[in-house]
Amino acid sequence: MATKSDQGSPPTRLDTFLKNNPATKYIHYVVVTLFGTLETQILPIAGCQERVRLTNDTYRVSPFSLWGGFGNVKIFADNFRYGSDLWHPDWTSLKAMDQHNASVICNVSESATHHRDVELGNSFHRCPRSGLQIALQKVNEQLNVALLVGFELEFYLLEKTPDVGQGWKAPTAVPGCYWSSPIFLRGDLGICLATCVDAIEAAGIMRRLEILCGIGMPFEAASRLGAEMCGEWQAWGTDNKDVPVRKVREGHLELRCIDFMSNIYLVIASYIAAGLLGITAKEPLEQKDCLGSPSWITDKERQTLGIVKRLPSTSTASLIRLEQDRMGLDDVIGTKLMEFFLKVRMTDTKVDWKELQLVLY
């Protein structure tokens, strides 16, 4: 994401990068689709150097580059036309991949798609990355806050077998098939602003957790694993991994209802929007600190802690609730972006993608 501290025009930035990485031959233009997959176009350096000096530095691609292969295109037939999406590279994101390749992340404009509902002054309205930038801008303007986020990548390695119902099991040759790769934030950069915690303590996120699950875990396989990983109740707790929101320490929170098949821009934008709405509306935190598993205590004990709602049992259930009430999220990140996500996700009926989910989980 671009910040105020970023210096230099795009041509200068690219020239400086190539000076420091002279062996680079190709730049990968990258877009993250609605469901976490990558769309990539690979351009030779000469083409990039020519484009970056144009007034309109864009790359023309299919008009459905954000879809990611999901959903039913027919539901958009009355609105969508077959023009082109325009990828706008953000040269502040330029980084080396290996000796000969680099990547740059793009925002997606629909100004050349000819879709009937596109406003030329707001042609990025279905781009999740643009939605996140809007959310960050609103937080900065309304709260004078800049946010810092760290990611911990976790995954399982499985091997195919006909002996198990889903056809996959933990590999026998590998004693530990689970990997976790935390990306730590150290020093001054690792100090989380108190206002970030207020977003939780003001209940903005806790109050909207059941609909945030559908955005952060958009597939059934993910939501099933989510129940195993973060429990079945809407709760938070200090150093408690049996609840969806874990308070590690003051100023350090872990949000556990996020899956890697989601669009991370849309997820972060939604959580930021929830926190912002909670702060500005001064929403009270109804749940108390839960130190154990909510599933293992009595109803009376849960009620004493304010734990009265279960998380949706499936991602579809969460998305249905999101359809019924977006609880202000679209006011922050954009109505058309939220509608686009819901329509694509709720009309997806591809059996092969459901099988892919089982492979990945």
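Residues numbered from 1 in each chain as written. Predicted model: local features only at pLDDT ≥ 70, side-chain atom pairs only at ≥ 80, totals over all residues. Heavy atoms only, no water.

- An unreviewed UniProt entry lists the protein under the name GS catalytic domain-containing protein, with Conoideocrella luteorostrata as the source organism.
- The Sequence similarities (unreviewed entry) field of the UniProt record for the protein holds the comment "Belongs to the glutamine synthetase family." (UniProt positions renumbered as here; feature names shortened; annotations may be inferred.)

### Digging into the sheet that holds strand E11 (residues 236-238)
Line of reasoning, step 1. The strand order E11-E12-E13 describes an open sheet built from three strands, whose pairing is mixed. Taken across any chain shown, the strands that pair with only one partner, and hence form the sheet edges, are E11 and strand E13 (252-255). With strand direction ignored, the average angle separating the axes of adjacent strands in the sheet is 25°.
Line of reasoning, step 2. By the bridge criterion, four bridges tie strand E12 (residues 245-249) to E13 in an arrangement that is antiparallel. Note on E13: the bridge partner recorded for Arg249 is His252. (Pairing = 2+ DSSP bridges. Helix = DSSP H or I, 4+ residues; strand = E, 2+ residues; numbered from the N terminus. Axes fitted to C-alpha atoms, helices over the stretch in contact; angles between N-to-C directions.)

### Here's the deal with the side chain of Arg126
Line of reasoning, step 1. Within the secondary structure, Arg126 is located in the loop between strand E6 (101-109) and helix H3 (128-143).
Line of reasoning, step 2. A distance of 3.0 Å separates the side chain of Arg126 from the side chain of Glu110, its partner in a polar contact. (Polar contact = N/O pair within 3.5 Å; in protein donor to acceptor, adjacent residues only side chain to side chain.)

### A short note on the pattern of salt bridges
Pairs can form between side chains of opposite charge once their charged atoms are near each other.
Line of reasoning, step 1. Applying the stated criterion across every chain, the model contains 16 salt bridges.
Line of reasoning, step 2. Salt-bridge contacts for Arg302 lead to Asp299; the nearest nitrogen and oxygen are separated by 2.2 Å. Of this pair, Arg302 and Asp299 both sit in helix H9 (residues 299-304), three residues apart, roughly one helical turn.
Line of reasoning, step 3. Residue classification places Arg302 among the buried residues on the basis of a relative accessible area of 7%.
Line of reasoning, step 4. The closest approach of N and O atoms between Arg326 and Asp330, which form a salt bridge, is 3.4 Å.
Line of reasoning, step 5. On the basis of relative accessible area, Asp330 is assigned to the buried category, the value being 13%.
Line of reasoning, step 6. Each of Asp239, Arg246, Glu254 and Arg256 takes part in salt bridges that share partners, so that together they form one network. (Salt bridge = Lys/Arg side-chain N within 4 Å of Asp/Glu carboxyl O. Buried < 20%, exposed > 50% of the residue type's maximum accessible area, 1.4 Å probe, protein only.)

### Some details on the pairing of strand E4 (residues 85-89)
Line of reasoning, step 1. Most of E4 is tucked away, with four of its five residues classed as buried.
Line of reasoning, step 2. Here three bridges tie strand E3 (residues 59-61) to E4, and the two strands are oriented antiparallel to one another. Across the sheet, the residue bridging to Tyr59 is Trp87, located in E4.
Line of reasoning, step 3. When E4 meets E6, the two strands line up antiparallel, connected through four bridges.

### Quick word on helix H1 (residues 10-20)
Line of reasoning, step 1. Of all the residues in H1, the buried ones are Pro11, Leu14, Phe17 and Leu18. Around the axis of H1, the buried residues are gathered within 130° of arc, so they sit on the same side. Within H1, the exposed residues directed more than 90 degrees away from the buried face are Lys19 and Asn20.
Line of reasoning, step 2. Among the structural elements, strand E1 (26-32), helix H2 (45-52), strand E5 (95-96) and E6 are those in contact with the buried residues of H1. (Arc of directions from axis to C-beta. Contact = heavy atoms within 4.5 Å.)

### Focus: the packing of H1 against H2
Working note: a packed helix pair is described by the angle between its axes plus the distance between those axes.
Line of reasoning, step 1. At their nearest, the axes of H1 and H2 sit 9 Å apart, and the two run at 155° to each other. Relative to H2, the element H1 is oriented roughly antiparallel. Here the hand of the crossing between H1 and H2 comes out left-handed. Every residue of H2 that contacts H1 at Pro10, Pro11, Leu14, Asp15 and Leu18 is listed here: Ile45, Cys48, Gln49 and Val52. (Parallel < 35°, antiparallel > 145°, perpendicular 65-115°, else oblique. Left-handed = near helix turned anticlockwise from the far one by under 90°.)

### Observations regarding the packing of aromatic side chains
Line of reasoning, step 1. Tallied over the full model, the rule gives five aromatic pairs.
Line of reasoning, step 2. Here Phe64 and Trp67 contribute two aromatic rings whose centre-to-centre distance is 5.3 Å and whose plane-to-plane angle is 75°, an arrangement assigned as edge-to-face. By the burial criterion, Phe64 is buried, and Trp67 matches it.
Line of reasoning, step 3. Among the aromatic residues, those joined into a ring-pair cluster are Tyr29, Tyr59 and Trp91.
Line of reasoning, step 4. The side chain of Arg126 reaches across the aromatic face of Phe340, ending 5.8 Å from its centre. (Phe/Tyr/Trp six-rings, centres within 6.5 Å; stacked < 30°, edge-to-face > 60°. Lys NZ or Arg CZ within 6 Å of the ring centre and 35° of its normal.)

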